[in-house]
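Reading the structure
Chain residues, written in single-letter form:
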Amino acid sequence: MENMEKAGGALSVSVFASEEPAVRLDPVTGHQHVLRLFPVASGHVYASAMVPAEAKAGAVVCSSVGADLLANYGRERALAHELADAGIASVRFHYRGDGNSSGRQDELTFTGMLADAHAMREWLASICDAPSVTWVGTRIGGLVAAASAQNDDSLVLWEPIDDLSWYIRGGTRARQMSSMTTDPGPSEDRPMGWREELESRGFLDLLGFRLGQPLLDSLEGITISGSPPVVARVLVVSFASRRSQAAQVAAALSEARMPVDWHETALRETWWFHDQNVIPFGDLITTTAAWIKGQEVADR
Amino acid sequence: MTNAITEQPVLFDGLESHMAGVLCRPAEPTDTAVLICWRGGSFPSSDKNRMRRRMAHEFARLGVAALRFDLSGVGESGGEEVTPTIENPDARDVVSAAEFLHEQGFHNLIVVGNCFGAWSAMHAAPRLGGLVGLVAANPPVRSDHMAAQARDADLSWWLERIRKIRPSKLLDPGRLHRARVSVQAKASPVASRRPNIALIERLDYLAERGIHVLLLLGTGDFRPDYDRFAEEIAASVARVPKPAGLIDASERLTGLDTVSVQDWLIRVAVDFVSEVLAHHPELRLTPPD
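Report follows, based on the coordinates. Computed from a prediction, not measured in an experiment: that's the story for all the values here.

Another aspect to go through is the overall build of chain B. Looking only at helices and strands, chain B features 11 helices and 8 strands. For a compact globule of 289 residues, the expected C-alpha radius of gyration is about 19 Å, and chain B comes in at 19 Å, within 12% of that figure. Across its three principal directions, the C-alpha atoms of chain B cover 60 × 40 × 35 Å. When burial is assessed residue by residue, chain B has 59% of its 289 residues classed as buried. The long-range share in chain B, meaning contacts at least 24 apart out of those at least 6 apart in sequence, stands at 75%. Averaging the locations of the 33 positively and 37 negatively charged side chains of chain B gives two centres separated by 6 Å.

Attention now moves to the overall build of chain A. Within chain A one finds 8 helices and 13 strands. Within chain A, the proportion of its 300 residues that are buried is 56%. When contacts within chain A are restricted to residue pairs at least 6 apart in sequence, those whose partners lie at least 24 apart make up 69%. Roughly 12,600 Å² of accessible area belongs to chain A as shown, and the carbon and sulfur atoms make up 51% of that amount.

This part is about a nonpolar patch on the surface. Judged by side-chain polarity, L155(B), L159(B), I162(B) and I165(B) come together as a nonpolar surface patch covering roughly 410 Å² of accessible area. Mapped onto the fold, I162(B) is located in helix α5 (residues 155-163).

To continue, consider the environment of W157(B). Note that W157(B) resides in helix α5. Leaving out residues up to four positions away in the same chain, W157(B) has contacts with M146(B), Q149(B) and A150(B).

The subject of this paragraph is the pairing of strand β1 (residues 4-13) of chain B. By the criterion of burial, β1(B) is predominantly enclosed, with 7 of the 10 residues buried. Here 4 bridges tie strand β2 (residues 12-17) of chain A to β1(B), and the two strands are oriented parallel to one another. The residue bridging F16(A) from the neighbouring strand is T6(B), located in β1(B). Adjacent in sequence and paired antiparallel, β1(B) and strand β2 (residues 18-26) of chain B are bridged by 4 residues.

Residue and element names in this part refer to chain A. Those residues of helix α7 (residues 246-255) that sit buried are A246, V249, A250, A252 and L253. Within α7, the buried residues cover an arc of 165° as seen down the axis, which keeps them to one side. Elements in contact with the buried residues of α7: β9 (154-158), β12 (233-238) and β13 (260-264).

Okay, the packing of helix α3 (residues 116-124) of chain B against helix α8 (residues 198-208) of chain B next. Think of two packed helices as two axes; the pair is described by the angle between the axes and how far apart they sit. Residue and element names in this part refer to chain B. Contact geometry for α3 and α8: axes closest at 10 Å, N-to-C directions at 50°. Considered as vectors, α3 and α8 are oriented oblique to each other. For the element pair α3 and α8, the recorded crossing hand is left-handed. Only A198, L199, R202, L203 and L206 of α8 make contact with α3, whose side of the interface consists of W119, M122 and H123.

The next point concerns the sheet that holds strand β8 (residues 134-138) of chain A. Residue and element names in this part refer to chain A. Spatial strand order, β3-β4-β5-β7-β6-β8-β9-β12-β13: 9 strands in an open sheet with mixed pairing. The open sheet has two free edges, formed respectively by β3 (22-25) and β13, since each of these has just one partner strand. Averaged over neighbouring strand pairs, the angle between their axes works out to 20° when direction is ignored. Sitting on the sheet, helix α3 (residues 141-148) touches β6 (57-62), β8 and β9, and the angle it makes with β8 is about 155°.

Attention now goes to the environment of A145(A). Residues and elements named next belong to chain A. With respect to the secondary-structure elements, A145 resides in helix α3. Residues A145 and R104, spaced 41 residues apart in sequence, show a C-alpha to C-alpha distance of 23 Å. With sequence-adjacent residues up to four places away left out, A145 is seen in contact with C62, W135, V136, G137 and L155.

With 41 residues of chain B in contact, the opposing surface of chain A contributes 48 residues. Counting the surface lost from both chain B and chain A, the interface buries some 3,700 Å², and carbon and sulfur atoms represent 51% of this. The three residues of chain B that bury the most area against chain A are P9(B), R50(B) and E76(B), which together make up 18% of that side's buried surface. Joining chain B to chain A, the criterion identifies 2 salt bridges. If you look at where chain B meets chain A, you find 24 residue pairs in polar contact (both at pLDDT 80 or more). Put simply, the parts of the chain that give the side of chain B that touches chain A at least two residues each are β1, β2, α1 (51-62) and α11 (258-279) of chain B. For the side of chain B that touches chain A, the element with the highest residue contribution is β1(B), accounting for 8 residues. Of the residues belonging to the side of chain B that touches chain A, the class tally is 12 nonpolar, 17 polar and 12 charged.

With that settled, the discussion passes to the packing of α8(B) against helix α10 (residues 230-238) of chain B. Residue and element names in this part refer to chain B. Contact geometry for α8 and α10: axes closest at 9 Å, N-to-C directions at 10°. If you check the angle between α8 and α10, you find them roughly parallel. Residue-level inspection shows L199, I200, L203 and D204 of α8 in contact with α10, the latter providing E232, I233, S236 and V237. Here the contact of α8 with α10 is composed, by residue class, of 5 nonpolar, 1 polar and 2 charged.

Residue and element names in this part refer to chain B. Taken as a whole and judged by the stated rule, the model has 4 aromatic pairs over all chains. On the basis of an interplanar angle of 20° and a centroid distance of 4.8 Å, the ring pair of F12 and F100 is categorised as stacked. Taken as a pair, F12 in strand β1 and F100 in helix α2 (residues 91-103) lie far apart in primary sequence, 88 residues in all. The exposure class of F100 is buried, given its relative accessible area of 7%.

Right, let's talk about the environment of A119(A) for a bit. Along the chain, the position of A119(A) falls in helix α2 (residues 110-127). Sequence separation between A119(A) and A67(A) is 52 residues; the distance between their C-alpha atoms is 24 Å.

This part takes up the pattern of salt bridges. Two side chains that carry opposite charge are able to pair once their charged atoms sit near each other. Inspection of every chain in the model, using the stated rule, returns 25 salt bridges over all chains. Across the pair D261(A) and R233(A) runs a salt bridge whose closest N-O atoms are separated by 2.8 Å. Residue D261(A) is located in strand β13, and its partner R233(A) is located in strand β12; the two are separated by 28 residues in the primary sequence. The class of R233(A) is partly exposed, set by a relative accessible area of 29%. A salt bridge links R61(B) to E58(B); its shortest N-O distance comes to 3.5 Å. Here R61(B) and its partner E58(B) are both found in helix α1, 3 residues apart, which amounts to about one turn of the helix.

About the thresholds
Residues numbered from 1 in each chain as written. Chains lettered and ligands numbered in written order. Predicted model: local features only at pLDDT ≥ 70, side-chain atom pairs only at ≥ 80, totals over all residues. Heavy atoms only, no water. Helix = DSSP H or I, 4+ residues; strand = E, 2+ residues; numbered from the N terminus. Rg over C-alpha atoms; globule rule 2.2 N^0.38 Å. Buried < 20%, exposed > 50% of the residue type's maximum accessible area, 1.4 Å probe, protein only. Contact = heavy atoms within 4.5 Å. Lys, Arg positive; Asp, Glu negative; His and termini not counted. Charge placed at Lys NZ, Arg CZ, Asp CG, Glu CD. Areas by Shrake-Rupley, 256 points an atom, 1.4 Å probe, with all protein chains shown as cover. Patch = residues over 30% accessible without salt bridge, like charges linked within 9 Å, V, L, I, M, F, W, Y side chains within 5 Å. Salt bridge = Lys/Arg side-chain N within 4 Å of Asp/Glu carboxyl O. Pairing = 2+ DSSP bridges. Arc of directions from axis to C-beta. Axes fitted to C-alpha atoms, helices over the stretch in contact; angles between N-to-C directions. Parallel < 35°, antiparallel > 145°, perpendicular 65-115°, else oblique. Left-handed = near helix turned anticlockwise from the far one by under 90°. Buried area = accessible area lost by both parts, 1.4 Å probe. Polar contact = N/O pair within 3.5 Å; in protein donor to acceptor, adjacent residues only side chain to side chain. Nonpolar A, V, L, I, M, F, W, Y, C, P; charged D, E, K, R; others polar. Phe/Tyr/Trp six-rings, centres within 6.5 Å; stacked < 30°, edge-to-face > 60°.

Have a look at this one:
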């Protein structure tokens, strides 16, 4: 499998993906951990599956991007373990143009994220043949999960982002707060608005995380509340943050007559500021896994 | 230069659990590999803005395989994530990754590390077979982040932390430990004397064994110590066999966005590895087992 990329400088390199997966059987739990570069139309997706000995159901986890990825990665991995303990297989992945997947950064778009999620659904189907799955979307990944879930699927949304502007505002506000502690003094220049900055630079640098214009352009106008998914049931998890769109999303789904469960975790999360300390899980993992397991039991 | 590289996800044994990484190979690898040791919170091996992935590709283009890996409890690796300290860094993880490379037929090793990733590799150096060179970007000098912050913090920093003290926090052993380390750092009179400088001890160890070192000093928590011990650090690097170097990059990188800083660091690291390879032509001759 070949995928042409720029590597640092101006020259292109051909990045080939090894077809050989890395597999480890946990001697204690009996779960199989599989890492592979899953082939997709224009490259490969770095994907991780946690598969219990007898998988009865499955889940696809759609991560967020940027700083959120750091905040939630360990939590998503812990969820995979918890689900495997409950007999549920799960797949997690890096979007093309991000993480260890192939592609240039400008290939990271909402359309590509959906295509990658669809590819992961296919992989999950080859691991466990349950007719429906649970889609787990975290922050911006909630947009991907909500757009991917259908019919008898279940949907879990961790602190979902309902629209791009709100997400960017959070990031630019955090950046302003950060600059107050590091800048030598007030600048004469008027700070650029994020759209202006995007226009002039082609990307946004939010506290060291570069978000490309193709991604931001592709997310414009995408909301969960504007086009609620039609699924079997939804769990919305809200973090203990003052600024959240979780309630707005839950209300819109209820209004669309979706059965919605609500959980407010005591975890505090600033989303944009992370230090060297270990990120806590609180009750997030056990609550989410128990809910998914409950859906699987109800299905049977 | 090669422009065809292969990526392969790998799982290997760590001390307490399995560890995950991505091995990037050039079309015609030799038995020399670069081990990328990074620390920076809980990032998976691709890193912020995929820096480690970009770096691995550049090394592969140079004709050298590169392994980027997840520390224990981070990314796809198993086990518990632990915040490293100056006495107890992630050295065991670095050794596990180096042993994996050795099993894959890579008998010569060049480490490129950042912050506590670099420090962990320096700590692990006596157990890294075939270590030829090391790039250390922004390593700690004598204490971890918390102590370094506390030592040079002003009164408002301390008042803010005292204001946030809650009885429940004092029951948390981790927080209690960090508070003790902070107070000790501030109260310690060592700043006025020549203290036991861990970084210099490690540099001297590497110099004695003929291991090439490039030391990059930037901004951040350890900057005051870089300035405080500038002469000692420079003297120590001067004892390292050539090619070796010390680059104080704090002014050079001011005002650059993160990706530009990362690009600069990648270029400097690749240039240094290239120099080491040129200095040891034998490293470019033998294919892996």
